[in-house]
There are 4 protein chains.
Amino acid sequence: MAKALYLVQPKITKIMEYKVDKPKNNEVLVKMLSASVCETDWKIFEGEVKVRYPRVMGHEGVGLVIEKGEEVRDLNEGDKVIIDPNVYDNTCPLCREGKFNLCIRGGLLGREYDGLLREYIVVPEYRAYKIPDSISIEVAPLIQPLSTVVHAHKLISIKPNYNVLILGLGVMGLMHVQLSKLQGANVIGVSRSDNKLKIARELGADLVIKPEEFNEVKIKELTNNELFDVIIDTTADPDLIRNSINVLRPGGTLLLFGISTNNLNLPMYDLYYKEVKIVTSRSSLPGDFLDAIRLVSNNKVKLERLVSKRISFWEIGDFQELRKGVEFRPIIFF
Amino acid sequence: MAKALYLVQPKITKIMEYKVDKPKNNEVLVKMLSASVCETDWKIFEGEVKVRYPRVMGHEGVGLVIEKGEEVRDLNEGDKVIIDPNVYDNTCPLCREGKFNLCIRGGLLGREYDGLLREYIVVPEYRAYKIPDSISIEVAPLIQPLSTVVHAHKLISIKPNYNVLILGLGVMGLMHVQLSKLQGANVIGVSRSDNKLKIARELGADLVIKPEEFNEVKIKELTNNELFDVIIDTTADPDLIRNSINVLRPGGTLLLFGISTNNLNLPMYDLYYKEVKIVTSRSSLPGDFLDAIRLVSNNKVKLERLVSKRISFWEIGDFQELRKGVEFRPIIFF
Amino acid sequence: MAKALYLVQPKITKIMEYKVDKPKNNEVLVKMLSASVCETDWKIFEGEVKVRYPRVMGHEGVGLVIEKGEEVRDLNEGDKVIIDPNVYDNTCPLCREGKFNLCIRGGLLGREYDGLLREYIVVPEYRAYKIPDSISIEVAPLIQPLSTVVHAHKLISIKPNYNVLILGLGVMGLMHVQLSKLQGANVIGVSRSDNKLKIARELGADLVIKPEEFNEVKIKELTNNELFDVIIDTTADPDLIRNSINVLRPGGTLLLFGISTNNLNLPMYDLYYKEVKIVTSRSSLPGDFLDAIRLVSNNKVKLERLVSKRISFWEIGDFQELRKGVEFRPIIFF
Amino acid sequence: MAKALYLVQPKITKIMEYKVDKPKNNEVLVKMLSASVCETDWKIFEGEVKVRYPRVMGHEGVGLVIEKGEEVRDLNEGDKVIIDPNVYDNTCPLCREGKFNLCIRGGLLGREYDGLLREYIVVPEYRAYKIPDSISIEVAPLIQPLSTVVHAHKLISIKPNYNVLILGLGVMGLMHVQLSKLQGANVIGVSRSDNKLKIARELGADLVIKPEEFNEVKIKELTNNELFDVIIDTTADPDLIRNSINVLRPGGTLLLFGISTNNLNLPMYDLYYKEVKIVTSRSSLPGDFLDAIRLVSNNKVKLERLVSKRISFWEIGDFQELRKGVEFRPIIFF
């Protein structure tokens, strides 16, 4: 028996025991090392996103392979792995088209399936990606959110010299800043927080502004009259998104990366007149994890600034406390 | 001096005289043969879309080259041409990227520039496309709207066996039906009109339904449980569009082809969960005209059923009358 | 024990016994119903493509699920399935990018792994695709080669009205003819065989010619002076391919679909001047099988004309005899 | 009357007089400021690429607008411009599809049309791109070759973390190094010249090697066993290109950027087995010039190291002398 953090009903978590299975066939048994908690987890915690209770929380985490099934080929005991929280069946039509992230029977650990805030987990080898020792477990869980950013960038196109606007400079926004810069873009970041604006600058943003500075005239000045080829929203704030259409270049792309149960109200004539593309992105694919791992191990994307609290799994206590005063990700160590 | 139909203020048209210029340099003088009138023209007429008055109306029309400037290379007197109503400057950044349809200084004949409901017009050769004699002037003006459908299909991707839903079966919807079928899709058309449903079937739709039959359960039955890879809206009806998201396949594409000044209200969580692409399309490019001409001359797209009234330019009288009892396009002969 | 057809050394086959395994976990046991034999099989038989001997031959085949492992979800006893002959490991970097057809440890049944000319085979569920009863076992094995044609067409782009040239009108060529037509293309087929030219016409080719008629002047006439947007070679004949560059439209695509150990000699200046794309395609992906199955069951691609001999597995005798007088695929029934 | 450098027959140049036209309509009269000379010019000079003699040489050059036609909109007297050497007619089918670089009647200044090594030239406004004063005329002519590199990169896809191999580190190779780095790639450069290897490192290459070090085992070591996602050849050396196929990753892309009248011999089985894409690229489009100008003015691409000789147009004398001891581009000032 081992221990896991369960959400027993909205806003109530409890550490409870569960049985650890033996890894069979192509499975590995992973001892968790560290995990992080994101906005989706908070929405699940709050009950805004419904799950079946009790549910083990968490979908961002790394661990150590300590045992493996007889068909496992590439992984070995002692390997450090990031776990892919997407469950998929490999046989539904969407999986067969390679869209594992959209699997009909699929889901996310910590939402449709029990998650990673536990001592041990058994996963199939194809959902555990080896990470090099050089990546510290203090930041490694953030490879999962990074993989979702990588995924989104494969659905849009950023060319050198594109003007890219990033709305919101939390963990996801700051990853988008870095990935956009890495593709040669000119990046403007928007946030209400002076600290986040400062960090965005450190991580490469060419310019940072507050939402109230966000108007067409000002933007035209900033972008040399060219508006934005790509706008990436991480806030899910309907008003901010709607306003951003005004500074989207004709022919441009709007990536809706924030997740929300809100409605989005869009002006049809403007969408037509600008001939735009609006894209959403869900989760990530195995190849996106490989890319995310390479980006971090090559030091092309920096994760250190995106962690703002470190705590032991055994000392979490009131889960609510975890987010108090936390600007970025809290990291939980096992 | 020649005559043109001017919109002098919302809902008031008048035939007035204007001076016909000589074609210079790369220009041709075209004597109009026939023209058609579309939804955008009605919106301009009604004042829903504002223009500078007085404005010569119309942007769908064909004519005969009767004189040419000294730099004209390919066109000759006697050639039948469809006129590209998009005005563009060739030198703004968007033109230089090949997006002439989004030219910063650009616009549409009949909206930002004087249109085609007149006896003669001077246009640069690069905006007049020769059409073969085999295409009758009774349908030829519809090559322009067809070019906009061709344009939109280049912004999305339809593969053989895709399930495609077409909302609205007017002229644009029926062109989308044909172009989707031509790419190997299974096409379901939606309209309130029995007659339009019947014509859609004749033009290749695999199945036609009324909006009230339009629900997820029914659609799953119809599409063998697979929902729609692509949904094309030509109605600009916000409710219908919003509902259609329910039957969009994860990973699918929604093409907003209808033009409206309405707001569109979309559920953000569903957009995220389905990982969708929403695309708008504006006008068309020169290459789209070439394609549209080939499609009609090869008989791959049929335009005959999309015309429902024929009238002489000289007998139009009350412009309002033109649309009375007109299901599809009225054609005006000069 | 069951029986299989082994290649024991180049040009020598022998029916020998082998042990049939029980299906475990996600595996199904399939009783073979029918199979077909292709050019790659002949190259393996001749020793032109080397394998480890003895090797069970064959990679195109359908069968009946007669037993299943406890983790199998979608398939049931009695289901008719086409088997995916591509073996892949799901964990190498190429698999993780979704390129299972290029798996580092992967290979083809009948080439790197024992093949389908046997009574029973055990395969994982994710490599067995259910086919509807409406598809006869007399043609069903051809779904595999069709899936490779579907795969190739996803690597290139065929738009309505494209001029497409198909070199070689064997089974693969005739599938390319049908798939190109299905996407709205104008198709010209090239073959030396009068019978194949005739069948190509029946299956939709707009025009068929012999290689000796194949010259630029003639082609310009046939294509209304426009040359070919796409050329698809299925012959692997280096001279024919090289000559075809002359009739490729600037900006066009050459798909090399034939497989050969020959060298291809290409004129660098012409390639530069025409700004071309040359694409090869290997095998197929799971999603391509789904598409191929749909195309056949919807009657969008016809396979009946592509079979020219039917024989019982038990009466094969001299394997060499199988290809005597066989224009298209021989089908073997178990 | 003004003066131009004419190639009067292979290997013989002569400065001769020509008449300067007045700019009409949409034309501007440009006084040349500086120009550079490239490999294609040398091939024309040598007679390897044939032209009609006498021919004014040169296609890379910048100048000052000193007079303009009445229809010119954006340019003014005193503007510094880079001239697009591609002549196109705007009305052929390829132009209408936006492929101006492949215009049927088109050609290159200095090859099919008289070039830029002259005091004054008249060009249409749409082929003269304003450059900011911050770009020195000592490097500005190189914006044209840079635009062709930008063009080529739009025909392929480089994602962050791709391994990219650049064969040849002359002017074009060093531009490819910079543009690949700008898109987040890991870049290995190959050259025989120690100096070029050194400069490649300075301009961002992660690793540089000599051709003799170029073998599969070594490369696997260098790329962490991953081979190259993209190989860009600028040498047009058939042996080097053929060998490079061995280190191309399955699913990879080979960009043939070098221009040559040689034949290229490729192994068909390897091409099939690796499922590759081979792409050629010709010249550039107007949008590519805008991008090239932005890249230089933003200091994202550095041109200073790509110039190795400066000379006055009036002192050229024996044209052959221009290339003596010139590793990169000679720049000619007027």
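Residues numbered from 1 in each chain as written. Chains lettered and ligands numbered in written order. Predicted model: local features only at pLDDT ≥ 70, side-chain atom pairs only at ≥ 80, totals over all residues. Heavy atoms only, no water.

**Some thoughts on the overall build of chain A**
For clarity, the threshold we go by: The way it works is that DSSP assigns letters per residue, a run of H or I at least four long becomes a helix, a run of E at least two long becomes a strand, and they are numbered from the N terminus. The globule rule used here is 2.2 Å times the number of residues to the 0.38 power, and the radius of gyration it is set against is calculated over C-alpha atoms. Whether two residues are in contact is decided by their heavy atoms, any of which lying within 4.5 Å being enough. For this count, His and the chain ends are skipped, Lys and Arg are scored as positive, and Asp and Glu as negative. A charge is said to be at NZ when it belongs to Lys, at CZ for Arg, at CG for Asp and at CD for Glu.
On a plain count of helices and strands, chain A comes out with nine helices and 19 strands. In summary, chain A has a C-alpha radius of gyration of 20 Å against a globular reference of 20 Å for 334 residues, a match within 12%. Referenced to the eigenvectors of the C-alpha coordinate spread, the extents of chain A come out at roughly 60 × 40 × 35 Å. In chain A, the proportion of contacts linking residues at least 24 apart, taken out of those at least 6 apart, comes to 67%. With 45 positive and 44 negative side-chain charges, chain A shows a spacing of 1 Å between the two charge centroids.

**Topic: the relation of the copies chain A and chain D**
Quick reminder of the rule: Alignment of copies: least-squares fit on C-alpha atoms of residues with pLDDT of at least 70 in both copies.
The operation relating chain A to chain D is a screw motion whose rotation component is 180°, with 0.0 Å of axial translation and a residual RMSD of 0.0 Å. Between the two chains, the operation in question is that of a two-fold axis. Minimal C-alpha separation from the rotation axis in chain A is found for Gln 183 of chain A, amounting to 2.1 Å. Comparing contact sets, 100% of the residues at the interface of chain A also lie at the interface in chain D, consistent with an isologous, same-surface contact.

**Overview of the side chain of Asn 101 of chain C**
How we decide: Relative accessibility under 20% of the residue-type maximum defines a buried residue, over 50% an exposed one, and the middle range a partly exposed one, all with a 1.4 Å probe and only protein chains included.
Looking at the element boundaries, Asn 101 of chain C is found in the loop between α2 (93-96) and β8 (107-108). Looking at Asn 101 of chain C, the relative accessible area reads 4%, which means it is buried. Ignoring anything within four residues of it in the chain, the contact list for Asn 101 of chain C reads His 151, Arg 282, Ser 283, Ser 284 and Leu 285 of chain C together with Glu 275 of chain D.

**Regarding the environment of Trp 314 of chain A**
Residues and elements named next belong to chain A. With respect to the element layout, Trp 314 can be found in the loop between β18 (307-312) and β19 (329-333). Accessibility expressed as a relative area gives 45% for Trp 314, which makes it partly exposed. Each residue touching Trp 314, except ones within four places of it in the same chain, is listed here: Lys 3, Glu 119 and Phe 334.

**Describing the packing of aromatic side chains**
Which entries qualify depends on this criterion: Aromatic pairs are defined between Phe, Tyr and Trp rings, using the six-membered ring for Trp, whenever the two ring centres lie within 6.5 Å; interplanar angles under 30 degrees are classed as stacked, those over 60 as edge-to-face, and all others as tilted.
With the rule as written, the count across this model stands at 46 aromatic pairs over all chains. A ring pair is formed by Phe 100 of chain B and Phe 100 of chain D, whose centres lie 6.2 Å apart and whose planes are at 85°; its orientation type is edge-to-face. In this pair, Phe 100 of chain B is assigned in the loop between α2 (93-96) and β8 (107-108) and Phe 100 of chain D in the loop between α2 (93-96) and β8 (107-108), connecting two distinct chains. By relative accessible area, which is 8% here, Phe 100 of chain B ends up buried.

**Focus on the packing of helix α3 (residues 143-155) of chain D against helix α4 (residues 171-182) of chain D**
Describing two packed helices takes the angle between their axes plus the distance from one axis to the other. Residue and element names in this part refer to chain D. Applicable threshold: Throughout, an axis means a line fitted to C-alpha atoms (over the contacting stretch in the case of helices), and angles, computed between N-to-C directions, take values from 0 to 180 degrees. Note that the term roughly parallel is reserved for angles under 35 degrees, roughly antiparallel for angles over 145, roughly perpendicular for angles of 65 to 115, and oblique for everything else. Two helices crossing with the near one rotated counterclockwise from the far one by less than a right angle form a left-handed crossing, whereas a clockwise rotation gives a right-handed crossing. Residues are grouped as follows: nonpolar covers Ala, Val, Leu, Ile, Met, Phe, Trp, Tyr, Cys and Pro; charged covers Asp, Glu, Lys and Arg; every other residue, Gly included, is treated as polar.
Where α3 meets α4, the closest approach of the two axes is 10 Å, and the angle between their N-to-C directions is 50°. Taken together, α3 and α4 sit at an angle that is classed as oblique. Crossing of α3 over α4 shows right-handed handedness. Residue-level inspection shows Pro 145, Leu 146, Thr 148, Val 149, Val 150, Ala 152 and His 153 of α3 in contact with α4, the latter providing Met 172, Met 175, His 176, Leu 179 and Ser 180. By residue class, the composition of the contact of α3 with α4 is eight nonpolar, four polar and no charged.

**Regarding the sheet that holds strand β2 (residues 12-18) of chain A**
The strands making up a sheet associate through hydrogen bonds between their backbones, and the pairing can be parallel or antiparallel. All names here are of chain A. The following threshold applies: For two strands to be treated as a pair, DSSP must find at least two bridges joining them.
Spatially, β2-β1-β4 is the arrangement adopted by the three strands of the open sheet, whose pairing is antiparallel. One side of each edge strand has no neighbouring strand; the edge strands of this open sheet are β2 and β4 (55-56). Here strand β1 (residues 2-9) pairs with β4 via two bridges, running antiparallel. Along β4, the bridge assignment pairs Tyr 6 with Val 56.

**Observations concerning the pattern of salt bridges**
To be explicit about the condition: A pair is scored as a salt bridge if a Lys or Arg side-chain nitrogen falls within 4 Å of a carboxyl oxygen belonging to Asp or Glu.
Scanning the entire structure with this criterion turns up 88 salt bridges over all chains. When the shortest N-O distance is used, the salt bridge between Asp 79 of chain B and Lys 130 of chain B registers 3.3 Å. Of this pair, Asp 79 of chain B sits in the loop between β5 (60-68) and β6 (80-83) while Lys 130 of chain B sits in strand β10 (residues 128-130), placing them 51 residues apart in sequence. Here Arg 111 of chain C makes a salt bridge to Glu 112 of chain C, at a shortest N to O gap of 3.0 Å. Of the residues examined, Arg 111 of chain C reaches a relative accessible area of 5% and is grouped as buried. Residue class for Glu 112 of chain C comes out partly exposed when judged on its relative accessible area of 30%. A single salt-bridge network, built from bridges that share partners, covers Lys 154, Asp 288, Asp 291 and Arg 294 of chain A together with Glu 226 of chain D.

**Re helix α3 (residues 143-155) of chain A**
Residue and element names in this part refer to chain A. Applicable threshold: Between the first and last residue of a helix there are one fewer steps than residues, each counted as 1.5 Å, and that sum is the expected span.
An ideal rise of 1.5 Å per residue puts 18 Å on 13 residues; α3 measures up with 19 Å between its terminal C-alpha atoms. Counting buried residues along α3, 11 of its 13 residues qualify, which places the element largely inside the surrounding structure. Of the residues making up α3, those classed as buried are Ile 143, Gln 144, Pro 145, Leu 146, Ser 147, Thr 148, Val 149, Val 150, His 151, Ala 152 and His 153.

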